Amino acid sequence: MSSRQVTRDLATSQPNYEWVKASGFGGLSNVFNKNGAPISNVKKDAGILMDDTEKNVGREGVDWVCDTKAGGDDQRPIKSSDIVLSSFNQLAGRESCDMSPVTVTDTSPLHVSHWNSPEDARKWFIDVVGDVEVYTTPSKKPINTKIGTGLMPKIEETFSDVSDKMDRIVTSSQPPTLNDLREVSFTDVLVSRAMIESLRRDPQGRMLAQRLSLDIALQREMMRALTMRRMLMSGKDIEVVSALEPSQKMVDNAIERLSKEIRVVREEIEIRRELLSSTAPFVLQRDHNRQSTVINEIDKITIEQLGD
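Note that the structure is a prediction, hence the values are computed from the model and not measured.

About the cut-offs
Residues numbered from 1 in each chain as written. Predicted model: local features only at pLDDT ≥ 70, side-chain atom pairs only at ≥ 80, totals over all residues. Heavy atoms only, no water. Core = buried A, V, L, I, M, F, W, Y, C linked by side-chain atoms within 4.5 Å. Buried < 20%, exposed > 50% of the residue type's maximum accessible area, 1.4 Å probe, protein only. Helix = DSSP H or I, 4+ residues; strand = E, 2+ residues; numbered from the N terminus. Contact = heavy atoms within 4.5 Å. Pairing = 2+ DSSP bridges. Salt bridge = Lys/Arg side-chain N within 4 Å of Asp/Glu carboxyl O.

> Mind showing me how you'd approach the nonpolar core here?
Among soluble globular proteins, nonpolar side chains are generally buried collectively. Counting residues in each nonpolar core, the largest one holds 39 residues, and the members touching the most others are Trp64, Met228, Leu232 and Leu258. For this core, the secondary structure elements donating two or more residues are strand E1 (62-64), helix H4 (80-91), helix H5 (118-128), helix H6 (151-171), helix H9 (205-235) and helix H11 (245-275). Among all residues touching Trp64, those that are not within four sequence positions of it are Trp19, Lys69, Ala70, Arg76, Ile78, Lys79, Asp82, Ile83, Val240, Val241, Leu244 and Ser247. Val184, Phe186, Val191 and Ile216 belong to the second largest nonpolar core, which has 16 residues in total.

> Would you mind going over unusual backbone geometry with me for this structure?
Excluding glycine, residues mostly carry a negative phi; peptide bonds, for their part, are mostly trans. At Cys66, a position not held by glycine, the phi torsion is positive, near 70°. In this fold, Cys66 is placed in the loop between E1 and strand E2 (68-70). The backbone phi angle of Asp74 is positive, close to 55°, even though this residue is not glycine. Assignment of secondary structure puts Asp74 in the loop between E2 and strand E3 (78-79).

> Would you take a moment to explain the sheet that holds strand E4 (residues 130-134) for this structure?
Strand pairing in a sheet takes place through backbone hydrogen bonds and is either antiparallel or parallel in direction. Read across the sheet, 3 strands follow the order E3-E4-E5 without closing on themselves; strand pairing throughout is antiparallel. Looking along the sheet, the strands with just one partner apiece sit at the ends: E3 and strand E5 (143-147). As paired strands, E4 and E5 are joined by 5 bridges and run antiparallel to one another. Paired with Gly130 across the two strands is Ile147, which belongs to E5.

> Can you help me understand the pattern of salt bridges in this one?
Close approach of charged atoms lets side chains of opposite charge pair. Under the counting rule described, the total for this entry stands at 20 salt bridges. Among the salt bridges present, the one from Lys165 reaches Asp161, with a minimum N-O distance of 3.4 Å. Placement of both Lys165 and Asp161 in helix H6 is noted, with a separation of 4 residues, approximately one turn of the helix. In this structure, Glu256 and Arg263 form a salt bridge, with 3.4 Å as the shortest nitrogen-oxygen distance.

> Even after reading the chapter, I still don't get the pairing of E4, so can you show me in this structure?
Here is the key point about a regular strand: its side chains alternate between the two faces of the sheet. Here E3 runs beside E4; their pairing, made up of 2 bridges, is antiparallel. Across the sheet, the residue bridging to Lys79 is Glu133, located in E4.

> Before we go on, may I ask you to explain the side chain of Ser117 in this structure?
Here Ser117 shows up in the loop between H4 and H5. Once residues lying within four places of it in the same chain are set aside, the contact partners of Ser117 are Phe88, Met99, Ser100 and Pro101.

As C-alpha cells, then:
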C-alpha cells in the first residue's frame, strides 16, 4: 500500500495527470460489469486486474473530437487547436473535422468571413495563442507547448498587405474598381472612391493612406480575435470537450490568453486615438478645407475683377 501511495503521489505531480486520470481506468469497463464484479469470462481476480490497469493507465487515450481517440498509444496527441477546428465546423453546420474551404454567402456565420477554412482558423489560433499537445500514454512526452506570438505580429502582417494595396490604388491614375476597394476596406472603415480621390489630391496622400491602412489592419485583427474568443466559448459545449474537466481548463486558458492580447491591443488603440484623430474623417476634412480655400480664392478673384 505504501508503494502504491508513492506511485500515486508521483503520478499526481505529472503535468498531464488530469488527462491520464480522465483516460485512466476506462479500460476497466471491458472487464467489470455495472455492479463492479469481474465479467465472468475474465479469468483474473480483481487485484490482478487493477494491477494490470494501473500498469497500462493512459495507454488507451481519451475520446476526442472527430469521433476518434487521442493521446494514447499509436494515437495522435490531444491538441487545443483541435477544439478550434471542431468549433469552426460546428458553428458552420458542417462535420466536425471537415477540412474543405467554406463558400461565403449572405447567410454565412460571421467567422467564415474571417477565415476561408477551418485550417486557416486553426493556424491563426496557433500563431496568436499557441498550442498545447498532450499525451496520456507513458511512452510519450506528457505535454508539448508551442508558444504563440500574440496579436501584434498579425496586425503588422495585415498592415503590410493592406498598405501595399492601398499605395497601389492611391498612386494609380485609373479609377479604383469595387474589388480594389473591398481589398482595403473592413466593416466600420469603408474606403470609397471619394476617399481615394481625396487621398490622390492631398499632397500628403500617401502618408495618410498608410495611417488609414493601419486603422484597417487593427480592426481586422481585433475582430478576428473577438470572433475566435466566441468560437472557443462555443467549443466548450462540444460533447467530448464538455465531458472532460482538463479539456475545459484547456479552453479556459486559451480564452484567457486571447483576452489578454485583446486588452493589450485595445489599450494601444485607445492611446492612438488620444494622440491622433480618426484618419478617415481627417482625410475628408483636409480635402474639404482645401477645396473650400480654392473656391474662396476664385470667388475673391471674381469679385475683384467685377469691381474693376
